[in-house]
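Residue-level listing of the chains:
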Amino acid sequence: MWPSSVRRWYAHEARRLGDQADTLAALLHVGTAYPAGSRVLEVGCGVGAQTLHLVEYSPGAHITAIDASQVSLSQARARFRDHPRSGQVTWRQADLFQLPYAEGSFGHLCICFVLEHLSDPRRALASLRRVLRPGAPSP
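Here goes a summary of the coordinates provided.

**Quick look at the pattern of salt bridges**
Inspection of the entire model under this criterion finds one salt bridge. In this structure, the salt-bridge partner of E56 is R85, at a minimum N-O distance of 3.4 Å. Highlighted residues: E56 in helix α2 (residues 49-57) and R85 in the loop between α3 (70-80) and β3 (89-93), separated in sequence by 29 residues.

Here it is in structure tokens:
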């Protein structure tokens, strides 16, 4: 069990990220609607704040949301526990540089607020390109 000070910090950070996602949703997601039946990989989903908007704007898409942090994924799952479209999202802990998916597994990628935290964003983009279906838009 985490100390109460750490739990408070994580709760505060989850609220901050949720507020940020809600504030920027119109700017970041306007016009972003993935077709019904499409497979979308959301990279660095964190606490699921952006994921919430992705499922709202793309009700028929299936989103695989990955993050390196199990703590963040637990918070994301909790955020979606009672969401009516929770079945559209698969949560998975994964390393961006060693994605556990076959080539061409996804038709779309969503990556938001991740690349600026990486020491080698080009390598990350190459890893992501591998899992994009041939002919899919480039990341």
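Following the structure, the description resumes.
**Side note on the environment of A78**
Tracing the chain through its elements places A78 in helix α3. According to the relative accessible area criterion, A78 is partly exposed, its value standing at 37%. Along the primary structure A78 and V47 are separated by 31 residues, whereas in three dimensions their C-alpha atoms are 8.9 Å apart.

**Some remarks on the packing of aromatic side chains**
One pass over the structure, following the stated rule, counts two aromatic pairs. Judged by centre distance (5.2 Å) and plane angle (65 degrees), the rings of F80 and W91 are edge-to-face. Of this pair, F80 sits in helix α3 while W91 sits in strand β3, and the two are eleven residues apart along the sequence. For the pair F80 and W91, a shared accessibility class is recorded, and that class is buried. When the centroid spacing of 5.1 Å and the interplanar angle of 85 degrees are considered together, the rings of Y101 and F106 count as edge-to-face. The class of Y101 is buried, set by a relative accessible area of 13%. When the ring centre of F106 is taken as origin, the NZ or CZ atom of R39, which lies over that ring, is 4.7 Å away.

**With respect to the sheet that holds strand β4 (residues 108-111)**
Strand order across the open sheet formed by four strands is β3-β2-β1-β4, with parallel pairing between neighbours. With partners counted over all chains shown, the strands left at the sheet margins are β3 and β4, one partner each. Within this sheet the neighbouring strands show an average axis-to-axis angle of 20 degrees, counted without direction. Of the pairings in the sheet, the one linking strand β1 (residues 39-43) to β4 comprises four bridges and is parallel in character. The partner of L41 across the bridge, within β4, is L109.

**Focus: the pairing of β3**
Two elements, strand β2 (residues 62-67) and β3, share five bridges in a ladder whose sense is parallel. Looking at β3, one finds that I63 is bridged to V89.

**Details of helix α4 (residues 121-131)**
Taken together, the buried positions of α4 are A124, S127, L128 and V131. All buried residues of α4 lie within an arc of 95 degrees about the axis, which places them on one face of the element. Where α4 is buried, its residues touch β1 and β4.

**Let's talk about the state of the cysteines**
Within the structure shown, the criterion is met by zero disulfides. Unpaired in terms of disulfides, C110 finds its nearest cysteine sulfur in C112, a separation of 6.1 Å. Judged by relative accessible area, which is 10%, C110 ranks as buried.

Procedures and definitions
- Residues numbered from 1 in each chain as written.
- Predicted model: local features only at pLDDT ≥ 70, side-chain atom pairs only at ≥ 80, totals over all residues.
- Heavy atoms only, no water.
- Salt bridge = Lys/Arg side-chain N within 4 Å of Asp/Glu carboxyl O.
- Helix = DSSP H or I, 4+ residues; strand = E, 2+ residues; numbered from the N terminus.
- Buried < 20%, exposed > 50% of the residue type's maximum accessible area, 1.4 Å probe, protein only.
- Phe/Tyr/Trp six-rings, centres within 6.5 Å; stacked < 30°, edge-to-face > 60°.
- Lys NZ or Arg CZ within 6 Å of the ring centre and 35° of its normal.
- Pairing = 2+ DSSP bridges.
- Axes fitted to C-alpha atoms, helices over the stretch in contact; angles between N-to-C directions.
- Arc of directions from axis to C-beta.
- Contact = heavy atoms within 4.5 Å.
- Disulfide = S-S within 2.5 Å.

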